[in-house]
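Observations on the three-dimensional arrangement
Listed below, chain by chain, are the residues.
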Amino acid sequence: MFMSIVNADETKITDTGLPKELERSTLCLPDVPESEVVRHYTNLASKNFGVDNGPYPLGSCTMKYNPKYADRISSLEKFTDVHPYQDESTVQGILELMYDAERKLAAIAGMDSVTLQPAAGAHGEFTAMLIVRAYHNDNNEERDEVIIPDSAHGTNPASAAMAGYKVIELPSAPDGSVDLNALKAAVSSRTAAFMLTNPNTLGIFEKNIVKISEIVHGAGALMYYDGANLNAIMGVTTPGDMNFDIVHFNVHKTFAAPHGGGGPGSGPVGVKKRFAKYLPSPTIKKVKEKYVLAHNEKSIGKIRSFYGNLNVVLRGYAYILRMGSEGLKDATVRAVLNSNYLKELLKEDYDIPFGDLKKHEFVLSASGLKREKGIKAMDIAKRMIDHHIHPPTVYFPMLVDESMMFEPTEDCSLKELDMIADVLIKIANEDPDIVINAPHRSPVSRVDETKAAKDMILSVRYMKKKEQQ
Ligand SMILES: *Cc1c(COP(=O)(O)O)cnc(C)c1O
């Protein structure tokens with residue numbers, strides 16, 4: 001590690017060359033050889049499951065394959081070696097690229113301006129709610145409610161509440177879509193915005209979206225598009241065409257950047273022209289062929305340090321350029337086809353509550369299996385692990401009993417779709433005891449997920465301290 005200095009007695013190497021006061025007399029490290037440490041971590045890594053190991057049909061999360069060229073491009077030294085404090089004049093290339101990424105995202109969503117700053121979808125939602133607030137304040141309107149359908153992702157009500165809004169939950173119509181009469185009854189002069197995912201988390205496209213926008217706009221409120229399902233429509237239609245005012249993107253879902261172990265992500269926000277002045281600071285402007293970081297007078301201010309998660313944006317940008325408009329549309333069409341194909345294969349063995357044509361994801365219910373054999377959605381999910389398929393999203397959306405939400409994504413081949421269906425059909429028909437006690441082939445079986453989240457033990461030192469308590 002440190003350059004050794006050869007003593008006068010040239011057969012002995014003793015002096016590290018470090019100043020004495022920097023040398024440590026004791027080092028509290030586990031007493032194991034390096035080879036064992038390497039083997040330990042290599043074996044641990046092979047126990048992990050990711051998109052590179054097998055199918056990952058995790059509904060709503062869009063765990064699609066992330067092309068390696070995007071990784072390679074984003075890790076070029078030209079990108080990783082710049083410092084956020086560098087003067088604008090020295091990072092013109094990066095600013096140009098960010099400017100162009102904003103333009104491309106705006107075109108994909110039918111918006112006019114985009115900020116790349118938010119660090120994830122949820123952060124994008126929160127940023128958008130601050131924009132909604134700034135807009136209404138500007139118009140001297142006091143609106144304190146945000147309406148959200150009961151099929152929405154949990155981050156929607158959380159973001160609205162964090163921005164200080166009262167959340168009004170809208171019950172879905174029997175077909176799983178927005179109930180127009182319920183919406184008409186819910187909107188008022190107190191409504192600041194309607195947060196909608198389209199297609200929604202049941203994979204249902206809102207046929208009445210234009211009417212929905214009219215009702216919401218008619219009450220003076222704004223339409224917010226949760227873009228987590230944008231991969232179901234990109235290249236075919238846009239939230240802009242549906243009269244949404246503000247959208248967020250999940251670069252780590254729609255545009256093939258890895259989710260990472262819960263992060264980092266990137267949740268850019270796009271807006272129609274009249275909301276551009278509220279976008280967070282800084283915004284990138286092009287002035288006489290130069291790119292500058294600007295601050296809008298009416299901006300909601302800073303929402304994150306520096307430029308956002310640029311490295312994630314770069315992966316998405318590389319993907320968008322490589323795919324082009326036609327490629328993005330093709331990805332959408334395949335994602336929708338794959339989802340419907342898988343759903344059709346499963347309809348004899350599982351309940352499908354909202355069974356007709358879906359977009360990129362669909363929801364099955366295990367309630368029949370629970371009634372007849374005592375098998376729950378969680379048991380099926382765990383049994384899938386034995387077959388090297390990542391479980392779907394379970395118990396969400398909550399309006400479906402024993403829900404299992406599948407999103408096979410566009411990169412799933414016909415062979416893989418057939419394999420997933422075979423496994424699921426086998427599970428539905430096998431000895432319930434095997435399913436209820438699954439998984440049988442994983443290093444750990446059923447873990448206490450709540451305890452894992454609430455009582456994290458992240459170091460040996462902390463574990464020892466806990467043991468002593
Ligand atoms: C994933 C998701 C979000 C939140 O996005 P994050 O990037 O995970 O914060 C919001 N809405 C829906 C429908 C989602 O699937």
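**Thoughts on the packing of aromatic side chains**
Applying the stated criterion across every chain, the model contains seven aromatic pairs. The interplanar angle of 50 degrees and the centroid separation of 5.9 Å between the aromatic rings of F49 and Y56 together place this pair among those described as tilted. Take F49: its relative accessible area is 26%, and that puts it in the partly exposed class. Y56 sits in the buried class, given a relative accessible area of 15%. An angle of 85 degrees between the planes, with centres 5.4 Å apart, marks the rings of Y85 and F306 as edge-to-face. Residue Y85 is found in the loop between helix 3 (77–80) and helix 4 (92–109), and its partner F306 is found in the loop between strand 11 (290–294) and helix 10 (310–346); the two are separated by 221 residues along the sequence. Since its relative accessible area comes to 35%, F306 is described here as partly exposed. Put simply, the rings of Y135, F275 and Y278 touch in pairs and so form one group of aromatic residues. One cation-aromatic arrangement involves R133 over Y165; the distance from NZ or CZ to the ring centre is 4.5 Å.

**Here's the deal with the domain arrangement of the chain**
Taken domain by domain, the chain consists of domain 1 (2–45), domain 2 (68–323) and domain 3 (326–449). For domain 2 and domain 3, the distance between their C-alpha centres works out to 29 Å. Overall, the association of domain 2 and domain 3 removes approximately 1,800 Å² of surface from exposure, summing both partners, and the carbon and sulfur fraction of that is 67%. Counting the surface domain 2 buries against domain 3, the share from its top three residues, L202, N231 and M323, is 30%. Scanning the region where domain 2 abuts domain 3 turns up zero salt bridges. Run the count over domain 2 and domain 3 and you get six residue pairs in polar contact (both at pLDDT 80 or more).

**Digging into the pairing of strand 4 (residues 145–149)**
The buried count for strand 4 comes to five of five residues, which makes it a mostly enclosed element. Both faces of strand 4 are covered, namely the face carrying E145, I147 and P149 and the face carrying V146 and I148. Pairing geometry for strand 4 and strand 5 (residues 166–170), over five bridges, is parallel. Looking across to strand 5, one finds that I148 is bridged to E169. The parallel pair strand 4 and strand 5, bridged by helix 6 (residues 155–162), forms a crossover whose chirality is right-handed. In the sheet, strand 4 pairs with strand 6 (residues 191–197) via three bridges, with the strands oriented parallel.

**Details of the packing of helix 4 against helix 10**
At their nearest, the axes of helix 4 and helix 10 sit 10 Å apart, and the two run at 50 degrees to each other. In terms of their interaxial angle, helix 4 and helix 10 are classed as oblique. The interaxial crossing formed by helix 4 with helix 10 has left-handed handedness. Contacts between helix 4 and helix 10 pair I94, L97, M98, D100, A101, K104, L105 and I108 from the former with L310, V313, L314, Y317, I320, L321 and L328 from the latter. Along the lines of polarity and charge, the residues of the contact of helix 4 with helix 10 split into 13 nonpolar, no polar and two charged.

**Re the site of the ligand**
Looking at the ligand, the residues that line it are S60, A120, G121, A122, E125, H153, T155, D226, A228, N250, H252 and K253. A distance of 2.7 Å separates an oxygen atom of the ligand from a polar atom in the backbone of G121. Measuring from an oxygen atom of the ligand, one finds a side-chain N or O atom of H252 at 2.6 Å. Bound to the protein, the ligand loses 88% of the 380 Å² it would expose on its own. Contributing elements (two or more residues each) for the shell around the ligand: helix 5 (121–138) and helix 9 (251–254).

Criteria and thresholds
- Residues numbered from 1 in each chain as written.
- Predicted model: local features only at pLDDT ≥ 70, side-chain atom pairs only at ≥ 80, totals over all residues.
- Heavy atoms only, no water.
- Phe/Tyr/Trp six-rings, centres within 6.5 Å; stacked < 30°, edge-to-face > 60°.
- Buried < 20%, exposed > 50% of the residue type's maximum accessible area, 1.4 Å probe, protein only.
- Helix = DSSP H or I, 4+ residues; strand = E, 2+ residues; numbered from the N terminus.
- Lys NZ or Arg CZ within 6 Å of the ring centre and 35° of its normal.
- Domains from an automatic or database assignment.
- Buried area = accessible area lost by both parts, 1.4 Å probe.
- Salt bridge = Lys/Arg side-chain N within 4 Å of Asp/Glu carboxyl O.
- Polar contact = N/O pair within 3.5 Å; in protein donor to acceptor, adjacent residues only side chain to side chain.
- Pairing = 2+ DSSP bridges.
- Right-handed = clockwise from strand over helix to strand, strands pointing away.
- Axes fitted to C-alpha atoms, helices over the stretch in contact; angles between N-to-C directions.
- Parallel < 35°, antiparallel > 145°, perpendicular 65-115°, else oblique.
- Left-handed = near helix turned anticlockwise from the far one by under 90°.
- Contact = heavy atoms within 4.5 Å.
- Nonpolar A, V, L, I, M, F, W, Y, C, P; charged D, E, K, R; others polar.
- Near = heavy atom within 4 Å.
- Areas by Shrake-Rupley, 256 points an atom, 1.4 Å probe, with all protein chains shown as cover.

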